[in-house]
Structure formats: C-alpha cells, structure tokens
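Structural overview for review
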Amino acid sequence: MEGKITKVKLRNFVTYDYCEFTPGPNLNMIIGPNGSGKSSIVCGIALGLGGSTQTLGRAKEISDFIKHGSEKAVIEISLFHQKNGKPSNITIQRTLKRNTKSTSWKIDGKAYSQKDVLSLIESLNIQIDNLCQFLPQDKVCEFAQMSSTELLNATLKAIGNKDLFAKFEELLKNQEQKNLLQANLDDQEKLLAKIKSHNEALEREVTRYKERETILQNIRILEKQIPWGIYDKARALYLEHKEKRLKYKEDLTRTEKELAPLRQKREEQEKKIKESSELEKNLENEYNKYTTEYNELSKELENLEDENNSILNNFLDFRENERELEKKIKRYKRKMYELENSINIKKEELIEKGIIDQDGQELVNKRGLNDRSTEVGRIQYELEEKGRKLVDIDSEVRSIQDQEQEIRQQNLYYNEEIEKIRKQLSDLDDIKNQRLNLLQRFSKPAYIANQWLEKNRTMFKKHVFSPIVLEINPKSKESAAAIEAFSGNSLTVFLTQCKADYDLFTDELIDKRKLKISVVMFENLNLEDFETPIPKDELLSYGFDCYLIDLIQGPQPIKCALCQLNNLHAVPYAGREIDAKPFDDDPRFKNYIINNIRYSKRAAYGMLSIRTQQLREAKILFSNTDTRQKLRLENMILDNEKLKKDLENNMKQLVQKEGKLRIDYTTIREEREALKEEKKKLLERKREYDNMIKQLDIVKIEYNSYTQNSSSYTNEKENFQKKMNENLLKRDEVLTKYTDSQRKAFEIFNQKTKVIIDNLQDSAILSTINNEIYSYQKIIDDMKEKYQKVDAEFKAIKGQAQEAYEKAKDSLKDLSETEKRLVHEGFQNKSLEELQQALASEKLRASMISEDTSDIVKEYDKRKKQIEQLNKDTKISKEEIVEIKENMKEIEKTFLPQIHKVINGLDKKFSEAFEKIGCVGEIKLNENEEYKKWGLDIFVKFRDTEDLQLLTGTRQSGGERSVSTILYLMTLQGFSKAPFRVVDEINQGMDSNNERLIHAQLVDAASQEGTSQYFLITPKLLPDLKYNKKMKVLCIYNGEWQMLENEQKIEKIDFRKYINRRKQLLENNSSQRSQNKRKRRADN
C-alpha cells in the first residue's frame, strides 16, 4: 500500500542525537522504558509528515523539539511508492531551526515548499490530524471526548473514501445554503406584502405631485435659458471691444514702423564714432614716436652745449669777467630754452593725462575723480578694485579661521573620546567591571535591568540585590568552576526581600520593559534553616573540605538564595583526590565534587547509575581581562588617533592657505599704496608745471639783465667766438632736426585734436538722433499704455463672456437631449427680461400647489422599485431552493446507501471484536434532518449487569476507554485506505486479561494481507503474548549508559546474534543437566 513508512531517521531530535530504524509493513511494536524516547519517535513521524505541534498536544513551539544544545534537528521519513509500476520509495526530509524557528522541506533531496509536501502527503491519504489514524499519547484521552459529529467526520476521513466524504460535505454545504435561502425568502415575502400595502394608500397624492413636477420642469428649463440670455448680451459687448482693441493695435504698429529709419541712422552714426576713435588711437601712437625722437635730439643738444662750455673755459683766463658774464648769459639762455621745452613737454604730458586743457586750466575739478578716461580716474578705479579684492580676501580668511576653530573643537572631542576609551581599558582590569561586561554578553536583559536598578534603588523598601554573579566571590579559581557548574542560570537571578519590592521590580522591568530576566523573593531566610546531609565534622572525616556554599563569600541573603535554588549546602567539595567508592551506595550524597570532577547519582528501574563529568573552567565568576574587548578598545584609540592626524593635516592645509591669502593681501595692499602714491605724484606734476612757469619768468628777467651789460670781445674772443660759432652751427643743425620732429609731433597732435573735435560733433549728432528716438519712443509708450488698458478691458469683457458661456453650458450638464433642445428653442427669440418674467410666472403657479408630498412621492417610487426588485429576488430564491433540493435528492440516492453500508459494516466488525473479549459494542449512525447534526455514536457494555452506554470521556474508566478506542481503530483497519496508523500507549490502564485479548486481536488484524501498517507504542508488555512473523518489535535502546564506540559512530546491538547466543547457552545448559542426571542415575 502506498504511503507505508519504510524508514525513519532522526538527528538532534528531542532526546536523540541520532536514531534510525526500518519498520515492517504490518504491525510494529515499539517498546522501551519511560523517558527512553518512544513518544519522541511518534512526534518525529507526525512532524516529519507535515503535522503541527497542536496535533501532538505537547510543546507549542517547533524549536522545542530540537535537542538541547543543538541549533537544528533533521527528520527524514521514507514512504513506499509505486513508480512506473515498480516498487520505490519517496523520502521526505524536514529540518527544524532553533534561531529562526523556521522549517525547510526536501523531497528526495530537492527543496520543496511546505504546500508541495502537504499536497504529496494528502495524495497518499495520510491524515496526521485525524485521531482515527494518528493517536499520540497526549491525545488518547481526547478520542473518547470527541462529539458524535466529530467522530463521524474523523471516521469518514480515516476510511479514505473520498467520494463518500465529498458527497457528505456537498450535502452539508447544500443544506446550509438552502437554509440560508429559505430564511431569506421568508423575510423577502413578508417585506413585499408590507410594502405593497403602504403604496396603495399613496396613489392620489402622487397624481397631484406629478402635476407640480411638470411646472417645476418648465421652471427648470427657464432657469437654464436665462444664463444663455446673459451670455448673448455679454457676447455683443465682447465683439464691440474686440473692434476697438484692433484699431489701437494697428495705430501702434504704424508708429513703430516710422521709428525704424531713425534707429538705422543711429546705428550709422555709432559706426562713424567707432571709426574716429580707432583713428585717434593710431595718431596717438605716431605722436608718441616723434616725441621720443625730439627727446633724443635734446640730449644731443646738451652734449654740444657741454662742448661749447669747454671752449669758454679756455677763454676764462683772458677775460674772466666777460667770460663769466657770457657764461651767465648762455646759461640763462639755455636754462630759459630748457624751461620752455620742459614746460611744453610737461604741458603736453598733463594734457595727455587729462589733468589740464590746452589753456593750462585744470580738468580734474571739472570731470571728477571717477572719470576713467583720465589718468587720475583710471588710478581711482584701480584703487577701488584693489579695495574690493582686499575685502574678498579678508572674508575668505575669516571663513578659514572658522574652519580652523571647528577643527580645534573636533580635535578636543577626539581627545575626550581617547581618554574615555583609555578609562574603559583601565576598567577592564577591575573584576566587577569584568563581570558586568561578561553579564552584558551572556544576559543582556539582566545587564540592562541591573543598570536600571543602580539608578533607582531608592524606590524600594529593602535592599534589592543585583544578579548573584555580581554579589559573590569564590575563594579560588577551582571553587569558581564548581559554583558556576551547580548554579547555572541562577547566577543572573535578582533577589528581593519583600513582596512589595518583588511586585514593583517585576512590574517595571518584566511587564513594562518586557525584559526576560529571573527574579526571586525570599523573606527571613537564614543559613541555619538549610540542613546539611551530615554534620561538617563527619564530612571532614570522609576527606571532604567543606560544602560548596562554604566556598562563597557574599551577603547572607544571597547565600540563602543559592541554597534554596541550587542546594549548594548539600554538595560536598574536595579540592584534592580522595577515594569516592565509599559514597557510591550512600543515599545521603546525590551530588559531590572531588578534585574538580562532578559526581551525580541517579536511580531508575531499580538500578543505580553514577555519572562523572570534568568541570569546565569558570567563565563568569573567575574572569580575566577580556582580550578581545581590550583589542577592540585599542583599535578604537588608533582609529581616533588617525582621525586626529587627518584633522592636523587639514589644519596644516588651512594654515598654508591662510598664509598665502595674507601674502596676497599684503601684496595688493602695497600695490594700492603704490597707486595712491602714483595718484599723489600725478597731482603733484601740475604743481611742478606751475612752478616751472614761475621759474621761466624769473630766468627771462635775469637773462635780459645780463645781455644789456655785455660788451664787445677782443680778437682772442673772436677766435673763441669762431669755435663757438662752429659749435653753434652743429647745434643749429641738431636744433633744426629737433624742431622738425617737434613740429611733426604738433601737427599729429593737431590732427588728433581735429579727430577728437569731429568725434565730439558726431556724438552731438548721435545725441540729437537719440532725443528724436526718445520722443518717438515716448509716443509709442503712451500708445502701448492706452492699448494695454483697452486690451485689459477687452480681456475682462472676454472673460465675462467666457464665464457667462461656461455657466450657460454648465446649466445643460444635468439635462437630457430633449431638455437641451427645449432650452435652445426657448431663448432664441426672447429677450432676457422676457425670460425672467416667464420664470416668475411659473414659480407663482408652482407655489400654489403644496410641495409637502415630495417625500411621499419619493417614498412611493422607492417602494415601487423595491416591489419590482423583491418580486425578482423571491422568484430567483425559489428557483435556487428547488434546484438545491433536486441536487440533494440526487446525491442522497447514492450517499445514503453508501454510508449505511459503511456504518453497518463497522458496527458488525466492532460488535465481533467486543464479543471476542466477552463484552458488547455497537456503532450507530445518528441521523437528523440537518446533516450538520449527523453523528456517530459508540455504545459499549463491559458487564452483564449494565445496559449499553454511550462512550464518553467520563462515563467509562480509563481502561474501558482504551479498550473501546483500540477496538474501534482495529475495526477501521478493514475499511480504511490509510497507509498506516499510530497509537501511543493505548494499553495503559487496561487489566491484564483485556490487554492480552486486545493484543491477540491486534496481531491478527494487522497481520492480514492488504491491511494498513500499524505502530503500537508501549512502555511494557505482558509475558507470553501472541506474536507472528509479520510483526516487528522495535526496542528503544537510548540513554546515558548506551555504549558508544566514539562520539560520531554508534555501535549497534545485534539482537539476532544475542538471541542465538542465548539459545545456544540454554541448549548447553539443558544438555549439561541431562548428562548430570544420567551420571547420578549411574552412580545410584
């Protein structure tokens, strides 16, 4: 039969590290003592085949089925399956995970969803949630407590006749639907009669209302026509303003066209001015060229003058006085000439710089210092530019200084962080802080609760102790390991000393803050209240040092709590090796420690077992510095130092940038000072020019004075004069060149002046043209202003017309096409006033008819629609009810014979099973007009003196319920298509006679061909029960005394080999006894 279990594997499941077994195809009896893991196998089969934890009635969380200390468990079940007509297996694997509380599924090694797995299991007719197929230990009592309806449903499912169960469900569904439809139909017919009665009384009022509705319709049409009349009036005004706006637009366009020639003329004049400016620049360059030439010739004249002076020096001895006079005349004459040339050059320079005009008058006061066409204006502009740059640099320097201040603050923060981390490093060396750190790692909720307690101790009446690990100190490292091993989770327990403190503490931390912590409350306990197994003197005589509680230093309430929670006062302790054998049979010692080894004694099934375990090194009570934490803190210091280094680099870059900006600031400031100086010198040149004119006047007076006093020279003088004349000729020649260059410079200067004057005239013409354009533009602006005003009026009137149109159009939205046609025909040949008068007349007519009946008419129409709808609904409901009844009759034709046949067959088999044990049992189908009330009743009778009684969860004894349950499940064996059944400890509570009879029937029923596979789980069996070869007995061999070859490989017991050895031993013993008898007879 498909779906039978061929193999089961369990890993890290409940009590099993590993379990694997292959059940037989018929009856499988799984036996073993209590606690060995029988029910764990049942749980594995249920969960491995998609069952939920509720099915088992044990733990609620799936993670609770994972073996303690493991993170996941694996269930693997192989099921028999025909593949392509050949025998095969399907393997379903379920993996349970503790940390995520999740499940993963595989079928034949491939991952599938739970939905796919459940679909496969359902196709094999496996029903883990059906007590008739799967009856775990914790659900045995629930079978007899099932209602008759539940039992019928479970039985039909267990039988596996899907067609029969589907028909039953279809009948239930149809009947429920028919009942709902019938109830609804009754309500509809009552409501229909009531509504018809109300409407017959309202007919006359409705007629008057309809007359008024006609008038209201006329009013409605007139109200829709009036917006169209308003729109016609607005449209006429819109067309009038549209024409006016067009005229203003044409006038404006014509005037703008007249302005175009003037703008063309202005562009031509601007082009001419630009060309003149370029010519002026070229003449300026040529003027500078000739100025350079006559400056060089001036130097040559000075050289000739020096030569002439040398001639005069030779003549000094002869006529010193005349020579002196002549010298003065010449010097003054040259000085006068040089002053005149210097004055002209200075004048040209000042004119060029824009300081004076041709008449020597100052221009600075006329044009102002900000005129960039002058040299002074240019310098003033550059001074202002330099000043702005200085302001920008100063702003940027301030920004950099702000960044530097921010870096200093960040650096201060990192220094504080480094100090804080160094403080934490220092704290790691403190034992209490170490334990706090370990507490945070092992139990963060307890750590958080302790932090809260330290801040809120004043809230409590008595002292509330921190977790025990923080309150005690072991006397040595070895004793710390022993205390930690026996205390376990108690080390994180908080201790309160009164009920009020306990309630307050748990309310604040467990209820409000949802912290998962342990809190206990012990009042008025003393260490003397805890009696030790033997007095300490006697304990010392055995070689022990003390009891475990004596190795703890701490407050007395804490030590009392450890005695109460962990019995530390009853655990002897020896720090050295002593002989442990004397204590093996001493019942007073259940746990003791010798030389760091823990001894635990346990009695089970009349046997005593002693377990030894090497104590692990203490993790919390004797803690050293947490190196990983220390390394992490040191790395944090390095990280902060690196961040500080980065800040220093940024600071260095900012300082360099600030230094560069300060250098730029100094440079620009010096340049600005130089410009100030240049401006000062430029203005001082005018004063120099004025002084030179005054000096020339003085030199002319002196020159005229000396020339009047001169006398004739002698012949010697004439010789000297000849030389001087030659020198003079050269000077005249150079002077001619000098004068020619100066003349050309003046000519070019005059040309430049003419160009400037022409340029000024052109500028004046351009100004005139601009004035004309301005006048035209003013006229155009006035016209635009008027046009904009007319345009605004036009747009406003257009908006009003559009608004009127939209309102008129919107008024038609809720009208039919006929009503729209009436609206358009009505206002075409009527004025607005006529429409308004017609509206007032119709409103007057409407007011003469009462409008109080409007609600009555609405109610009438509403009920009329309800009547129509109810007529339709009742007709549909009647048709549906008839259709459902016919459908039910059609199903009942086959369903009723089928279910009666099944129940009769079950009753016959059940009764036969009860007869075999000398009792009476019946199964009856509890029929009813309502299929949802159908049920299956089991009646039993265990004594001749009583009548048949309904099987319930309270009426029969536990053994009687077990007998009834197992016999019913056995009865289902011949009818059910379920591949297997599981019954856990059903024989508990049976008397030996019934158990023996039930066992025999079970063996016979489960051993027949084609029957379901059977799993019977029990902790014990009676001797000499019936067995056959089709049975398979599975003995649980599990526990701490199981022989292991190593931690991975399990050494299996070969029971067959064991049985053969026992048979051989019995045969040998029997043969030996026979020989001994023969020998004794021979001796006699």
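Residues numbered from 1 in each chain as written. Predicted model: local features only at pLDDT ≥ 70, side-chain atom pairs only at ≥ 80, totals over all residues. Heavy atoms only, no water.

Attention now moves to the overall build of the chain. Looking only at helices and strands, the chain has 25 helices and 23 strands in total. For the chain, with 1084 residues in total, the buried portion stands at 39%. Considering only contacts within the chain whose residues lie at least 6 apart along the sequence, 72% involve residues at least 24 apart. For the chain, the accessible surface area stands at approximately 64,700 Å², while carbon and sulfur atoms represent 48% of it. (Helix = DSSP H or I, 4+ residues; strand = E, 2+ residues; numbered from the N terminus. Buried < 20%, exposed > 50% of the residue type's maximum accessible area, 1.4 Å probe, protein only. Contact = heavy atoms within 4.5 Å. Areas by Shrake-Rupley, 256 points an atom, 1.4 Å probe, with all protein chains shown as cover.)

Pairing is antiparallel in the open sheet, where 3 strands are placed in the order S18-S19-S20. Edge strands, defined here as strands with exactly one partner in the open sheet, are strand S18 (920–926) and strand S20 (949–950). (Pairing = 2+ DSSP bridges.)

Together, Glu879, Glu880, Glu883 and Glu886 make up a negatively charged patch on the protein surface. Locating glutamate 880 in the fold gives a position in helix H22 (residues 854–916). (Patch = residues over 30% accessible without salt bridge, like charges linked within 9 Å, V, L, I, M, F, W, Y side chains within 5 Å. Salt bridge = Lys/Arg side-chain N within 4 Å of Asp/Glu carboxyl O. Lys, Arg positive; Asp, Glu negative; His and termini not counted. Charge placed at Lys NZ, Arg CZ, Asp CG, Glu CD.)

Quick look at the pairing of strand S6 (residues 102–107) now. Relative to S6, strand S5 (residues 86–97) runs antiparallel, the two being bridged by 6 bridges. By the bridge assignment for S6, isoleucine 92 is matched with isoleucine 107. Relative to strand S7 (residues 110–112), S6 runs antiparallel, the two being bridged by 3 bridges. In the sheet register, isoleucine 107 faces S7, and the bridge partner there is lysine 110. The hairpin turn running from S6 into S7, its antiparallel successor, is 2 residues long, and aspartate 108 in that turn takes a positive phi close to 55°.

Let us now look at the nonpolar core. Counting 59 residues, the largest nonpolar core has Ile472, Phe505, Leu548 and Ile594 as its most contacted members. Once residues lying within four places of it in the same chain are set aside, the contact partners of isoleucine 472 are Arg435, Ile483, Leu491, Ile552, Gln553, Ile558, Leu562 and Leu621. Ranked by size, the runner-up nonpolar core spans 55 residues in total, among them Ile159, Tyr968, Leu969 and Ala1006. (Core = buried A, V, L, I, M, F, W, Y, C linked by side-chain atoms within 4.5 Å.)

Before going further, it helps to examine the pairing of strand S1 (residues 5–13). Here is the key point about a regular strand: its side chains alternate between the two faces of the sheet. As paired strands, S1 and strand S4 (residues 72–83) are joined by 6 bridges and run antiparallel to one another. Along S4, the bridge assignment pairs leucine 10 with isoleucine 75. Pairing between S1 and strand S2 (residues 16–21): 5 bridges, direction antiparallel. Residue arginine 11 lies in a different strand from S2, and its bridge partner there is tyrosine 18. Linking two consecutive strands that pair antiparallel, namely S1 and S2, is a turn of 2 residues; a positive phi of about 50° is found at valine 14 within it.

A few words now on the sheet that holds S1. Taken in spatial order, the 6 strands make up an open sheet running S2-S1-S4-S5-S6-S7, and their pairing is antiparallel. With one partner strand each, in any of the chains shown, S2 and S7 form the two edges of the open sheet. Within the sheet, the average angular offset between the axes of one strand and its neighbour, ignoring direction, is 20°. Against the sheet, helix H1 (residues 38–48) contacts S1, S2, S4, S5 and S6, and its axis sits at roughly 105° relative to S1. (Axes fitted to C-alpha atoms, helices over the stretch in contact; angles between N-to-C directions.)

In this section: the environment of isoleucine 345. Along the polypeptide, isoleucine 345 turns up in helix H8 (residues 320–352). Separated by 50 residues in sequence, isoleucine 345 and asparagine 295 have C-alpha atoms that sit 9.5 Å apart. Those residues in contact with isoleucine 345 that lie beyond four places of it in its chain are Tyr294 and Asn295.

Turning to unusual backbone geometry, a few remarks are in order. Despite not being glycine, asparagine 12 shows a phi value in the positive range, around 55°. Relative to the helices and strands, asparagine 12 is located in strand S1. The exposure class assigned to asparagine 12 is partly exposed, which follows from its relative accessible area of 25%.

Take the pattern of salt bridges next. Under the criterion given, the structure shown has 28 salt bridges. Here glutamate 20 makes a salt bridge to lysine 7, at a shortest N to O gap of 3.7 Å. Remark: lysine 7 occurs in strand S1 and glutamate 20 occurs in strand S2; sequence separation between them is 13 residues. With a relative accessible area of 27%, lysine 7 lands in the partly exposed category. By sharing partners, the salt bridges in this structure join Asp507, Glu508, Lys512 and Arg513 into a single network.

Let us now look at the packing of helix H5 (residues 148–159) against helix H6 (residues 162–200). Where H5 meets H6, the closest approach of the two axes is 8 Å, and the angle between their N-to-C directions is 145°. Each of Leu152, Asn153, Leu156 and Lys157 in H5 lies in contact with H6, whose residues at this interface are Leu164, Phe165 and Phe168. Here the residues of the contact of H5 with H6 sort into 5 nonpolar, 1 polar and 1 charged. (Nonpolar A, V, L, I, M, F, W, Y, C, P; charged D, E, K, R; others polar.)

Chain-level pLDDT for the chain is 79 on average; 85% of the residues reach the 70-or-more range. At the level of individual helices and strands, the chain shows its lowest average pLDDT in helix H9 (residues 364–367), which scores 54, and its highest in strand S10 (residues 494–496), which scores 95. Confidence over residues 1045–1049 falls short of pLDDT 50; this stretch has 1 contact with residues more than four positions distant or in other chains. (pLDDT = per-residue confidence, 0-100.)

A few words on the packing of helix H12 (residues 444–455) against helix H15 (residues 499–512). Two elements in contact, H12 and H15, have axes whose closest approach is 11 Å; the angle formed by their N-to-C orientations is 130°. Between H12 and H15, the crossing angle belongs to the class labelled oblique. In terms of crossing hand, the pair formed by H12 and H15 is right-handed. Here Ala449, Trp452 and Leu453 of H12 come into contact with H15, specifically with Phe505, Glu508 and Leu509. Looking at side-chain class alone, the contact of H12 with H15 contains 5 nonpolar, no polar and 1 charged residues. (Parallel < 35°, antiparallel > 145°, perpendicular 65-115°, else oblique. Left-handed = near helix turned anticlockwise from the far one by under 90°.)

Moving on, we get to H15. Here H15 spans 18 Å end to end across 14 residues, near enough to the 20 Å set by a 1.5 Å rise per residue. Of all the bends found along H15, the most pronounced is centred on threonine 506 and spans about 30°. All buried positions along H15 are accounted for by Asp501, Phe505, Thr506, Glu508 and Leu509. Residues of H15 that are buried in the fold lie against H12, S10 and strand S11 (519–521). Among the residues trailing H15, lysine 514 stands out with phi positive, at a value near 55°. (Expected span 1.5 Å × (residues − 1). Bend = angle between axes of the 7 residues up to and from the residue.)

For leucine 925, the position within the fold is in strand S18. In sequence terms leucine 925 and leucine 152 are 773 residues apart; their C-alpha atoms lie 8.4 Å from each other. Discounting residues that sit within four places of it in the chain, leucine 925 has contacts with Leu152, Ile899, His900, Ile903, Trp934, Gly935 and Leu936.

This paragraph deals with the packing of aromatic side chains. One pass over the full model with this rule turns up 17 aromatic pairs. Judged by centre distance (4.8 Å) and plane angle (50°), the ring pair of phenylalanine 910 and phenylalanine 914 falls under tilted. With phenylalanine 910 and phenylalanine 914 both in helix H22 and 4 residues apart, the pair spans about one turn of that helix. Through a chain of ring-to-ring contacts, the aromatic side chains of Tyr542, Phe544, Phe589, Tyr592 and Tyr599 assemble into a single cluster. Geometry around phenylalanine 442 places arginine 441 over its ring, the cationic atom sitting 5.8 Å from the centre. (Phe/Tyr/Trp six-rings, centres within 6.5 Å; stacked < 30°, edge-to-face > 60°. Lys NZ or Arg CZ within 6 Å of the ring centre and 35° of its normal.)

Tracing the chain through its elements places asparagine 450 in helix H12. On the basis of relative accessibility, which here comes to 3%, the residue asparagine 450 falls in the buried class. The contact partners of asparagine 450, leaving out residues within four places of it in the chain, are Leu436, Ser466, Pro467, Leu470 and Phe494.

The subject of this paragraph is the environment of lysine 737. Tracing the backbone through its elements, the reader meets lysine 737 in helix H19 (residues 715–810). In this structure lysine 737 comes out as partly exposed when scored by relative accessible area, which is 47%. Separated by 440 residues in sequence, lysine 737 and leucine 297 have C-alpha atoms that sit 7.5 Å apart.

Applying the stated criterion to the full structure yields 0 disulfides. Cysteine 560 takes part in no disulfide bond, and the closest cysteine sulfur, belonging to cysteine 563, lies 6.3 Å away. On the accessibility criterion, cysteine 560 (1% relative accessible area) is buried. (Disulfide = S-S within 2.5 Å.)

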